[in-house]
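Listed below are the residues making up each chain.
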Amino acid sequence: MRRLVAAPQQRVHRDGHGRVLLPHTPTPPGLVALTFAEVRQATAALPDVCVYLLECLHEVRRALDPHPLDPATLDAIAEQARLVVDGAARSDLLPEDLARLRHAYSRHFPRGPP
């Protein structure tokens, strides 16, 4: 994963007619969004899954911390965590569930807004 997030490589392929094809390669922040956005959106009303997503995002960030990365990648991880909480806050969660989710966020992302 470190290799994917640190420096996406442009890949060149040739089709059956010899044409050069340049498939889209997401940026590291884009890769973070692609990885988490759909799951985050689909599970906004499931507080336990939201807590697991926050823990997963935290572990990804922690695994990448010792490596020099573009700050935008770390920002993208923090943004997905914030969006987990924002999406859950807009769903019909019980106040206790939302409080538990916000507690998990503040434990894993102490410098963030929610």
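Relevant structure appears above.
Since this is a predicted model, take the numbers as computed values, not measurements.

Visitor: Any chance you could explain the environment of Ser 91 here in plain terms?
Guide: Mapped onto the elements of the fold, Ser 91 is located in the loop between helix H4 (71-90) and helix H5 (95-108). Each C-alpha atom of the pair Ser 91 and Leu 46 lies 9.1 Å from the other, and the pair is 45 residues apart in sequence. If near-sequence neighbours (up to four positions away) are discounted, Ser 91 is found in contact with Ala 44 and Ala 45. At 3.3 Å, the side chain of Ser 91 forms a polar contact with the backbone oxygen of Ala 44.

Visitor: When you look at the side chain of Gln 80 in this model, what are you seeing that I'm missing?
Guide: Here Gln 80 is to be found in helix H4. Relative accessible area serves as the criterion here: at 5%, Gln 80 is assigned to the buried category. Once you skip the residues sitting within four places of it in the chain, Gln 80 turns out to touch Val 32, Ala 33, Phe 36, Ala 37, Arg 40 and Leu 57.

Visitor: I'm lost on the nonpolar core in this one. Help?
Guide: Buried together is how nonpolar side chains tend to be arranged in soluble globular proteins. The biggest cluster of nonpolar side chains holds 22 residues, and the ones touching the most others in it are Leu 54, Leu 57, Ile 77, Val 84, Leu 101 and Phe 109. Secondary structure elements with two or more residues in this core: helix H2 (28-42), helix H3 (47-64), H4 and H5. Looking at which element gives the most residues to this core, the answer is H3, with seven residues. Setting aside residues up to four positions removed in sequence, Val 84 forms contacts with Arg 40, Cys 50, Leu 53, Leu 54, Leu 57 and Leu 101.

Visitor: Can you walk me through the pattern of salt bridges in this structure?
Guide: Oppositely charged side chains can pair when the atoms bearing their charge come close. A complete count under the given rule lists six salt bridges for this structure. For Asp 48, the salt bridge is made with Arg 100, and the minimal N-O distance between the two is 3.0 Å. Of the two residues, Asp 48 is situated in helix H3 and Arg 100 in helix H5; the sequence distance between them amounts to 52 residues. The exposure class assigned to Arg 100 is partly exposed, which follows from its relative accessible area of 36%. In this structure, Arg 100 engages Asp 97 in a salt bridge whose closest nitrogen and oxygen atoms are separated by 3.6 Å. Note that Arg 100 and Asp 97 are positioned in helix H5 at a spacing of three residues, about one turn of the helix. Overlapping salt bridges bring together Asp 48, Asp 97 and Arg 100 as one network.

Visitor: Sorry if this is basic, but what is going on with the packing of H3 against H5 here?
Guide: Angle between the axes and distance between the axes: these two values describe a pair of packed helices. Two elements in contact, H3 and H5, have axes whose closest approach is 9 Å; the angle formed by their N-to-C orientations is 5 degrees. Taken together, the axes of H3 and H5 are roughly parallel relative to one another. Of H5, the residues touching H3 (which contributes Pro 47, Asp 48, Cys 50, Val 51, Leu 54, Glu 55, His 58 and Arg 61) are Asp 97, Arg 100, Leu 101, Ala 104, Tyr 105, Arg 107 and His 108. Partitioning the contact of H3 with H5 into residue classes produces seven nonpolar, two polar and six charged.

The rules we used
- Residues numbered from 1 in each chain as written.
- Predicted model: local features only at pLDDT ≥ 70, side-chain atom pairs only at ≥ 80, totals over all residues.
- Heavy atoms only, no water.
- Helix = DSSP H or I, 4+ residues; strand = E, 2+ residues; numbered from the N terminus.
- Contact = heavy atoms within 4.5 Å.
- Polar contact = N/O pair within 3.5 Å; in protein donor to acceptor, adjacent residues only side chain to side chain.
- Buried < 20%, exposed > 50% of the residue type's maximum accessible area, 1.4 Å probe, protein only.
- Core = buried A, V, L, I, M, F, W, Y, C linked by side-chain atoms within 4.5 Å.
- Salt bridge = Lys/Arg side-chain N within 4 Å of Asp/Glu carboxyl O.
- Axes fitted to C-alpha atoms, helices over the stretch in contact; angles between N-to-C directions.
- Parallel < 35°, antiparallel > 145°, perpendicular 65-115°, else oblique.
- Nonpolar A, V, L, I, M, F, W, Y, C, P; charged D, E, K, R; others polar.

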